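Here are the chains, one letter per residue:
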Amino acid sequence: MAELAGLEDPKTRAVNEKHGDDHGVNLSKLRALARRLKTQQELACRLWETGDTAARLLAILICRPKAFERDELDVMLREARTPKVHDWLVNYVVKKSPHAEELRRAWSADPDPVVASAGWALTTERVAKKPEGLDLAGLLDVIEAEMKDAPDRLQWAMNHCLAQIGIEHPEHRARALDIGERLEVLKDYPTSPGCTSPFAPIWISEMVRRQHDK
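Thresholds applied
Residues numbered from 1 in each chain as written. Predicted model: local features only at pLDDT ≥ 70, side-chain atom pairs only at ≥ 80, totals over all residues. Heavy atoms only, no water. Helix = DSSP H or I, 4+ residues; strand = E, 2+ residues; numbered from the N terminus. Rg over C-alpha atoms; globule rule 2.2 N^0.38 Å. Buried < 20%, exposed > 50% of the residue type's maximum accessible area, 1.4 Å probe, protein only. Contact = heavy atoms within 4.5 Å. Areas by Shrake-Rupley, 256 points an atom, 1.4 Å probe, with all protein chains shown as cover. Lys, Arg positive; Asp, Glu negative; His and termini not counted. Charge placed at Lys NZ, Arg CZ, Asp CG, Glu CD. Polar contact = N/O pair within 3.5 Å; in protein donor to acceptor, adjacent residues only side chain to side chain. Axes fitted to C-alpha atoms, helices over the stretch in contact; angles between N-to-C directions. Parallel < 35°, antiparallel > 145°, perpendicular 65-115°, else oblique. Left-handed = near helix turned anticlockwise from the far one by under 90°.

**Student:** So what about the overall build of the protein? Which residues, and what values?
**Tutor:** Along its length, the protein carries 13 helices and zero strands. What you see in the protein, going N to C, is helices and strands ordered as α-α-α-α-α-α-α-α-α-α-α-α-α. Taking 17 Å as the expected radius of gyration for a compact globule of 214 residues, we find that the protein reaches 18 Å, a close match to that expectation. Viewed in the frame of its principal axes, the protein has a C-alpha envelope of about 55 × 40 × 35 Å. Within the protein, buried positions represent 44% of all 214 residues. Within the protein, residue pairs in contact and separated by at least 24 positions form 62% of the contacts whose partners lie at least 6 positions apart. Summed over all atoms, the accessible surface of the protein reaches about 11,600 Å², with 51% contributed by carbon and sulfur. Each charge sign in the protein was given a centre, from 32 positive and 35 negative side chains, and these centres are 6 Å apart.

See the structure below:
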């Protein structure tokens, strides 16, 4: 904890706080510390228990994802107060867990929109890598009905799923594009030069173009 405190930088904190993340540690330095520590499950659990955002990010990097029970991961996600901890937990831990599919189903139906966003993130992963058994048309039905008025984090996750369906599954592409055009979610999102807009029709079209260019 003392070493993490020593890595604290006020400018980094100011930037992170704009995104809802209450820590000031440069992520490259955090990853370097994690490489030095290597995998240490017990230490990871103790770091998580501190509740400190930088400590929890470090815990995620040094933990053993398959060591967590399903209910432990559920509690951890609900405790993950900040966007970065939430995203890293889902992407670096839950996706590698044997409980990922069970949690995907449970979280997708959760009344808490932040928890539900984790379920949608896991669904997006399956859309891309293991779509067998998913009802893609049914997912588009839900997105069409609910994405426009969903809270920010949930809306972002549903939009990512919409784009992924359009990118990966040509048979659903026209409908995905149509939903995106009509709902106009993230249409005016500020996008840096060289980056792809998160507006689904632009996102889908650009990624499909890149696939064809390969």
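Moving on from the coordinates now.
**Student:** Mind laying out the environment of L57, listing which residues take part and the relevant values?
**Tutor:** As for its placement among the helices and strands, L57 is situated in helix α5 (residues 53-62). For the pair formed by L57 and L30, sequence separation is 27 residues and the distance between their alpha carbons is 8.1 Å. Look past the residues within four positions of L57 in its chain and what remains in contact with it is H23, L27, L30, K84, V85 and W88.

**Student:** Describe the side chain of T12, and please don't skip the residues or the numbers.
**Tutor:** Mapped onto the elements, T12 comes out in helix α2 (residues 10-18). In terms of polar contacts, T12 uses its side chain to reach the side chain of D9, at 2.8 Å. In this structure T12 touches H23, G24, V25 and N26, once residues within four positions along its chain are discounted.

**Student:** Account for α5, with residues named and values stated.
**Tutor:** Of all the 10 residues making up α5, nine are buried; the element is thus mostly covered by neighbouring parts of the structure. Along α5, the residues classified as buried are T53, A54, A55, R56, L57, L58, A59, I60 and I62. If you follow the buried residues of α5, they end up packed against α1 (2-6), α3 (27-37), α4 (41-49), α6 (70-79) and α7 (83-93).

**Student:** Could you give an account of the packing of α6 against α7, naming the residues involved and the relevant values?
**Tutor:** Following both chains from N to C, one finds α6 and α7 inclined at 155°, their axes separated by 9 Å at the closest point. The orientation of α6 with respect to α7, classified from their angle, is roughly antiparallel. Relative to α7, the crossing made by α6 is left-handed. Residues L73, M76 and L77 of α6 pack against H86, L89, V90 and V93 of α7.

**Student:** An account of the side chain of Q41 is needed here, citing residue identities and associated values.
**Tutor:** Relative to the helices and strands, Q41 resides in helix α4. Since its relative accessible area comes to 14%, Q41 is described here as buried. If near-sequence neighbours (up to four positions away) are discounted, Q41 is found in contact with I62, C63, R64, A67 and F68.

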